[in-house]
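Per-entry structural report
Chain by chain, the residues:
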Amino acid sequence: MLEATQSILNLLEDDIDDNVLYYDYNIRHLFSLIKEGVPEDDNRYLSSFRSFEGEVFENYMYEKLLAYVVVQDEIEKFVLKGHHQSKDKALANTLSISEKAQIVYRTKSREIGEFDALIFTKTELYFVEMTLVKSVLKLKKRLRKKKALLETIFPQYVVKSLIILNEGVSGVKQLPDYCKVWITKPFSSQKVLDYLKDPKAYDKKPKKVIESKKLIEAESLRVTPFKYYNILSWITKSLRQNRGQLINMRFLNEPLTQRYHDLYTKVYLGYMSASEFKKVVSLDIKEDQQVIVALEKKHSDEIVLTYYVQYSRKKLDYISFNDEGVLSVERKDPFGITVTEVYHITKMMDQNYELSANNIKTIKKLLSESFKQSLHQENTYT
């Protein structure tokens, strides 16, 4: 299913005309570098140009998909975006189109998922990733979250992914088995760049409009209700519901909990006083500071402890360790969803959620043993 055509693989423009020129492009920074005379091999230019070229490739492939889906019998629905759709306001707790004309899922105040395209068959839902990356390593990290979100709001579908890449990309064999991969010929955005430099010098063809009952607006989709913060709170309470246990490992390892863990990436377990935290992590924080303890799911499926120190409503530090045990302290985006999550969780935690340094040592041991056991089971089955 979803076999690529030669037109797609060879990047032929016979079915999309000049439609790719009708999109809005974030070109201001690149043009400022060109005007400044920055060489094309300068890192600033390369970074800005790659971002622009990735944007063009996504729009180009979206146009190719539009032409593709209307002639594929097994495809029932395809979500419109860009200059093809008529809505441009992101709605809460559903799929809709953002102000940037992208397909997004939002909570009341934060965007938690963005999709390059969505394709529905009778039983399957494909979320599409189209990118010019040279390696799929970073791509792998975001696939799981998107899949978990779609499985939550569309439980009636088997969720898969269509990945569209360029020749020369590495790591494709490492992608999960739910991924269908198309690899196209090398892509160039030169035509679009030349047009944007001087639109009057190019005789742009009229926009090609494709009409089909398959092409739908995002907000017409009916999703299963998903209350982001309510579920996050429920997970925290369930992890600590048995006062005889520091952590309910049985609940943590349940398939439903793990799907939500994929979606959230981290869930919250409790809090520590500054004095107890300093016994675990050599970090200088004020004595009256409270530290939130989280369970973070790595790409390997290993679950590790990470920590958040909230200095104010918008000032939050994320404390973690890499695979070699090296400490990292990162200031989180004051307008990001993690800041809102920690603020929300902090308000629901009473003294029953307090953890000591000894508790942390025990929890680390439980998590490590659970991960080793899961690896053993995988090896036994394979």
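See the structure above.
So, a few notes on the structure that sits alongside this text. (Residues numbered from 1 in each chain as written. Predicted model: local features only at pLDDT ≥ 70, side-chain atom pairs only at ≥ 80, totals over all residues. Heavy atoms only, no water.)

1. Topic: the packing of helix α6 (residues 228-239) against helix α10 (residues 337-348)
To keep things clear, this is the line we draw: Under this scheme, a helix contributes an axis fitted over its contacting stretch, all axes are lines through C-alpha atoms, and angles between N-to-C directions fall in the 0 to 180 degree range. Numbering of helices and strands runs from the N terminus; a helix is a DSSP stretch of H or I covering at least four residues, while a strand is a stretch of E covering at least two. With respect to orientation, any angle under 35 degrees is reported as roughly parallel, any angle over 145 as roughly antiparallel, any angle of 65 to 115 as roughly perpendicular, and every other angle as oblique. In a left-handed crossing the near helix is turned counterclockwise from the far helix by less than a right angle, and in a right-handed crossing that turn is clockwise. The contact criterion used throughout is that any non-hydrogen atoms of two residues lie within 4.5 Å. Asp, Glu, Lys and Arg are counted as charged, while Ala, Val, Leu, Ile, Met, Phe, Trp, Tyr, Cys and Pro are counted as nonpolar; the rest, among them Gly, fall into the polar class.
It is at 11 Å that the axes of α6 and α10 come closest, and there the two elements cross at 50 degrees. One finds that α6 runs oblique with respect to α10. The handedness of the crossing between α6 and α10 comes out as right-handed. Residues Y228, Y229, L232, S233, T236 and K237 of α6 form the contact with α10, whose participating residues are I337, T340, E341, H344, I345 and M348. Among the residues forming the contact of α6 with α10, the class breakdown is six nonpolar, four polar and two charged.

2. Here's the deal with a nonpolar patch on the surface
Our working rule: Patches here: salt-bridge-free residues with over 30% relative accessible area, like charges joined within 9 Å, nonpolar side chains (Val, Leu, Ile, Met, Phe, Trp, Tyr) joined within 5 Å. The accessible surface values rely on the Shrake-Rupley method and a 1.4 Å probe; as for residues, cover is taken only from the protein chains in view. The salt bridge criterion pairs a side-chain nitrogen of Lys or Arg with a carboxyl oxygen of Asp or Glu, the two atoms within 4 Å. Burial here depends on accessible area, computed with a 1.4 Å probe over protein chains only, as a share of the maximum for the residue type. Under 20% is buried, over 50% is exposed, and the range in between is partly exposed.
Among the surface-exposed residues, F321, L327 and V329 lie close enough to one another that they form a single nonpolar patch of about 230 Å² accessible area. Its location among the elements puts F321 in strand β13 (residues 316-321). Judged by relative accessible area, which is 36%, F321 ranks as partly exposed.

3. Quick look at the packing of aromatic side chains
Short version of the rule: Only centres within 6.5 Å qualify two rings of Phe, Tyr or Trp (six-membered ring in Trp) as a pair; their planes then separate them into stacked at under 30 degrees, edge-to-face at over 60, and tilted for everything else. Geometrically, a lysine NZ or arginine CZ counts as sitting over a ring once it is within 6 Å of the ring centre and also within 35 degrees of the ring normal.
A full pass over the atoms with the stated rule returns 23 aromatic pairs. Each member of the aromatic cluster is reached from another via a ring pair, and the members are Y105, F226, Y228, Y229, W234, F251, Y260 and Y264. Stacked on the ring of Y178, the Lys or Arg K147 has its end atom at 4.9 Å from the ring centre.

4. Things to note about the side chain of D116
Going by this rule: Identification of polar contacts relies on pairs of N or O atoms within 3.5 Å, with a donor-acceptor requirement for protein atoms, meaning one able to donate a hydrogen and the other able to accept it, and with residues adjacent in sequence counted only if both atoms are side-chain atoms.
For D116, the location among the structural elements is in the loop between β4 (111-115) and β5 (117-121). In terms of polar contacts, D116 uses its side chain to reach the backbone amide nitrogen of M130, at 3.0 Å. If we ignore the near neighbours within four places in the chain, the residues touching D116 are E58, Y62, K81, I103, V128, E129 and M130.

5. Let's talk about the nonpolar core
Formally: What we call a nonpolar core is a set of buried Ala, Val, Leu, Ile, Met, Phe, Trp, Tyr and Cys residues that are connected through their side-chain atoms within 4.5 Å.
Core analysis: the largest hydrophobic core is formed by 78 residues, its most contacted members being L118, F154, F226, L295 and Y307. Excluding residues within four positions of it along the chain, F154 makes contact with L95, F120, L125, L221, R222 and V223. With 40 residues, the next largest nonpolar core counts L11, I27, Y60 and L66 among its residues.

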